[in-house]
Amino acid sequence: MKPLAAILGTGHYVPSRVMTNADLEKIVETSDEWIRSRTGIRERRIAAADEHVSDMATYAGKAALESAGIQASELDLIILATLTPDYTWPAAACLVQRKLGAFRASAFDISAACSGFVYGISLAQAMVAAGTAKNILVIGAEKLSAVVDWKDRNTCVLFGDGAGAVVVGPNQGRGAILSTHLGTDGTAVELLYQPGGGTVCPVSPESLAERKHFLHMNGKEVYKFAVKVMGEAAELAMAKAGLKSEDISLFIPHQANIRIIEAAAKRLELPMEKVFINLDKYGNTSAASVGIALDEAQAAGRLKRGDKTVLVAFGAGLTWASAVIEW
Ligand code: UT7
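As the structure is a prediction and not an experimental result, all values here were calculated from the model.

Calculation notes
- Residues numbered from 1 in each chain as written.
- Predicted model: local features only at pLDDT ≥ 70, side-chain atom pairs only at ≥ 80, totals over all residues.
- Heavy atoms only, no water.
- Core = buried A, V, L, I, M, F, W, Y, C linked by side-chain atoms within 4.5 Å.
- Buried < 20%, exposed > 50% of the residue type's maximum accessible area, 1.4 Å probe, protein only.
- Helix = DSSP H or I, 4+ residues; strand = E, 2+ residues; numbered from the N terminus.
- Near = heavy atom within 4 Å.
- Polar contact = N/O pair within 3.5 Å; in protein donor to acceptor, adjacent residues only side chain to side chain.
- Areas by Shrake-Rupley, 256 points an atom, 1.4 Å probe, with all protein chains shown as cover.
- Nonpolar A, V, L, I, M, F, W, Y, C, P; charged D, E, K, R; others polar.
- Expected span 1.5 Å × (residues − 1).
- Contact = heavy atoms within 4.5 Å.
- Axes fitted to C-alpha atoms, helices over the stretch in contact; angles between N-to-C directions.
- Parallel < 35°, antiparallel > 145°, perpendicular 65-115°, else oblique.
- Left-handed = near helix turned anticlockwise from the far one by under 90°.
- 1 Å grid on protein atoms, 1.4 Å probe; cavity = no way out; pocket = protein on both sides within 12 Å on 5 of 7 lines; lining within 4 Å.
- Points joined across faces, edges and corners; volume = space filled by probe spheres on them.
- Phe/Tyr/Trp six-rings, centres within 6.5 Å; stacked < 30°, edge-to-face > 60°.
- Lys, Arg positive; Asp, Glu negative; His and termini not counted.
- Salt bridge = Lys/Arg side-chain N within 4 Å of Asp/Glu carboxyl O.

Thoughts on the nonpolar core
Working step 1: Formed by 47 residues in total, the largest nonpolar core has its most connected members in V157, M230, M238, F251, V310, V312 and F314.
Working step 2: Counting only elements with at least two residues in this core, the list comes to α8 (219-240), α9 (258-267), β12 (308-315) and β13 (319-326).
Working step 3: Take this core: its biggest share by element is 9 residues, from α8.
Working step 4: In this structure, L77, Y119, V168 and F276 belong to the second largest nonpolar core, which totals 34 residues.

A closer look at the site of the ligand
Working step 1: Near the ligand you find 23 residues, and of these T30, R38, K220, N257 and N284 are the closest.
Working step 2: Between the ligand and R153 there is a distance of 2.9 Å, counted from a nitrogen atom to a backbone nitrogen or oxygen.
Working step 3: N284 is positioned such that a nitrogen or oxygen atom in its side chain is 2.8 Å from an oxygen atom of the ligand.
Working step 4: Isolated, the ligand exposes 960 Å² of accessible area, and the fraction of that covered by the protein chains is 76%.
Working step 5: Contributions of two or more residues to the shell around the ligand are made by α2 (32-39), α6 (153-156), α8 and α9.
Working step 6: Among the elements that take part in the shell around the ligand, α8 stands out by supplying 4 residues, more than any other.
Working step 7: For the shell around the ligand, the class distribution of residues is 11 nonpolar, 7 polar and 5 charged.

Concerning helix α3 (residues 53-68)
Working step 1: With 16 residues, α3 ought to run about 22 Å at 1.5 Å a step, and its terminal C-alpha atoms sit 22 Å apart, in line with that.
Working step 2: Listing the buried residues of α3 in full gives V53, S54, D55, M56, A57, T58, A60, G61, A64, L65 and A68.
Working step 3: Taken together, the buried residues of α3 touch β1 (5-13), β4 (77-81), α4 (92-100), β6 (136-143) and β7 (161-170).
Working step 4: With its phi angle positive at about 70°, G69 sits one or two positions after the end of α3.

Considering the packing of α8 against α9
Working step 1: One way to put it is that α8 packs onto α9 with a least axis distance of 9 Å and a crossing angle of 40°. In terms of orientation, α8 and α9 fall into the oblique class. For α8 against α9, the interelement crossing comes out right-handed. Within the contact between the two elements, α8 uses Y223, A226, V227, K228, M230, G231, E232 and E235 and α9 uses R259, I260, I261, A263, A264 and R267.

Thoughts on empty space enclosed by the protein
Working step 1: Scanning the model with the defined rule gives 1 cavity of 30 Å³ or more in all.
Working step 2: The computed volume of the largest cavity comes to approximately 30 Å³.
Working step 3: Contributions of two or more residues to the lining of the largest cavity are made by α10 (279-282) and α11 (289-299).
Working step 4: Class assignment for the residues of the lining of the largest cavity results in 3 nonpolar, 5 polar and no charged.

Some words on the packing of aromatic side chains
Working step 1: As enumerated under the stated definition, the model contains 3 aromatic pairs in all.
Working step 2: When the ring of Y13 is compared with that of Y59, the centres are 4.7 Å apart and the planes differ by 55°; the resulting orientation is tilted. Within this pair, whereas Y13 is found in strand β1, its partner Y59 is found in helix α3, the two being separated by 46 residues in sequence.
Working step 3: On the basis of relative accessible area, Y59 is assigned to the partly exposed category, the value being 39%.
Working step 4: What links up through ring pairs into an aromatic cluster is the set F225, F314 and W320.

Overview of the side chain of D295
Working step 1: Mapped onto the elements of the fold, D295 is located in helix α11.
Working step 2: Nearest to the buried, unbridged D295 among oppositely charged side chains is K281, at 10 Å.
Working step 3: Those residues in contact with D295, other than ones at most four positions away along the chain, are T10, G11 and H12.

Some thoughts on unusual backbone geometry
Working step 1: With an omega of 0°, the peptide bond between W89 and P90 qualifies as cis.
Working step 2: Of note, P90 is situated in the loop between β4 and α4.
Working step 3: In this structure, the amide linkage connecting G317 to the following residue, L318, adopts the cis form with an omega of -10°.
Working step 4: Its place among the elements puts L318 in the loop between β12 and β13.
Working step 5: Even without being a glycine, S286 presents a positive backbone phi close to 50°.
Working step 6: Tracing the sequence through the fold places S286 in the loop between α10 and α11.

Structure follows, in structure tokens:
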């Protein structure tokens, strides 16, 4: 059966301020050598104090709309994946609706951490295929610089800010979403989370003193999970689409750590020339990561007509998600 939904356009935005590994050496006990060899990251972008997730999401969303040739007024729905919304509630997607002037669209956020953007694509694909909505803007946007603990060298060197977006709509022969796969393992929530600020531990002088309002991570355990799940999730989406590794022209993984990406590529028997990497420039931008990479891959001419691409993400929850697209 012909796939009913497709990616009609892509866009991204990153803040102009660059923070290099050398800059981080002045903040915490670390080195450019350690960060590069353990993660592959050289620099990341940091949003200005008055530059919020809804702003970055709006810029990326506008770029995706332009690339799709669709007006904001034609949108039926805005899905924003983020773990750093402007406010705890309401959804930052409502602010994006206002900033885009997309007043026909309903809007909500989804919380699936780094997997959120690919979760959003899967949801949008199902809604377009069901006829519930025609044009859906899916955005992943993060201001992680606001939630990382700048005193914790284990985490602060890894993350960055930015936004990536796609428009999902009816398949007219390009960008068809061939398959998606979603997964969750709720037994390991505490491996990567923000313990304070929710209803379990509301903000208080004590929670602030204990630095609970920052991101907490067990890096080693998340690493092991990521290496296992990235390849598995890609294989499951490829199998649903009836494809094998050799059919894939480009693998666009969540940009968390070059060693995780290399391990996944090895499992999939994909040479690194078929893997899109930009984490050296941006670090881990969580829900924004795959969207930024997808738009940069498009701009670099790496998505040729007929090419099949696998998108794969993993993150807190624990969650994972994959999608196969035919360009
Ligand atoms: O979107 C999902 C988000 N999370 C991830 O993808 C994270 C997955 N995990 C990882 O990428 C890796 O586990 C890290 C990059 C976080 C850490 O790499 P590692 O090779 O697992 O290092 P480690 O945690 O085993 O730390 C090795 C050493 C430790 O020192 P000791 O205890 O051996 O003396 C750390 O204290 O490196 C030390 N270390 C650092 N040294 C310099 C940790 N962070 C730093 C740092 N600079 N920034």
